[in-house]
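Tertiary structure, described
Chain by chain, the residues run as shown.
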Amino acid sequence: IIHNASAMGAAGCSGLQLYTFGATISIPFFEENWRPTSFYKKIKYNRGGGMHTLCLLDIKVKEPCFESMKRGKIVYQPPRYMSVNRAA
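The present account deals with the structure reproduced in this document.

Here is what the cut-offs are and how they apply
Residues numbered from 1 in each chain as written. Predicted model: local features only at pLDDT ≥ 70, side-chain atom pairs only at ≥ 80, totals over all residues. Heavy atoms only, no water. 1 Å grid on protein atoms, 1.4 Å probe; cavity = no way out; pocket = protein on both sides within 12 Å on 5 of 7 lines; lining within 4 Å. Points joined across faces, edges and corners; volume = space filled by probe spheres on them. Helix = DSSP H or I, 4+ residues; strand = E, 2+ residues; numbered from the N terminus. Phe/Tyr/Trp six-rings, centres within 6.5 Å; stacked < 30°, edge-to-face > 60°. Patch = residues over 30% accessible without salt bridge, like charges linked within 9 Å, V, L, I, M, F, W, Y side chains within 5 Å. Areas by Shrake-Rupley, 256 points an atom, 1.4 Å probe, with all protein chains shown as cover. Salt bridge = Lys/Arg side-chain N within 4 Å of Asp/Glu carboxyl O. Buried < 20%, exposed > 50% of the residue type's maximum accessible area, 1.4 Å probe, protein only.

Description of the layout of surface pockets
By rolling a water-sized probe across the atoms, one finds the places where empty space is left. Of the volumes computed, that of the largest pocket is approximately 190 Å³. Residue lining of the largest pocket: Ile27, Pro28, Phe29, Phe30, Phe39, Tyr40, Ile43, Met82, Arg86, Ala87 and Ala88, and that is the complete set. Of all the elements in the fold, those that place two or more residues in the lining of the largest pocket are α2 (38–48) and α4 (84–87). Ranked by residues supplied to the lining of the largest pocket, first place goes to α2 with three residues.

Examining the packing of aromatic side chains
Two measures describe an aromatic ring pair: the distance that separates the ring centres and the angle between the ring planes. Applying the stated criterion across every chain yields a total of one aromatic pair. Between the aromatic rings of Phe39 and Tyr40, the centroid separation amounts to 4.5 Å while the plane-to-plane angle is 40°, which identifies the pairing as tilted.

Focus on a nonpolar patch on the surface
A cluster of nonpolar side chains, contributed by Phe66, Met69, Ile74 and Tyr76, occupies part of the molecular surface with about 450 Å² of accessible area. Note on placement: Ile74 falls in the loop between α3 (66–70) and β4 (80–81). Overall, the relative accessible area of 60% leaves Ile74 in the exposed class.

Structural data, given as structure tokens:
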């Protein structure tokens, strides 16, 4: 058996029953002028139904620096990976 590398596969391998999961959500990095809240409703709904919520944490890989782009150069910012503490 060869397992596919996916978040749902990893959750299943952890011993949690996949049928007890509600909607999967994505938690993005907040920006200065953009702070989405839509995922809170799904967490609340899943919790009210006694379901687990799989939270996919944001990653920023190969993001261009907009200041450099204005000058005609493409420079990429260092990769960032959201931690559980940052998501909370």
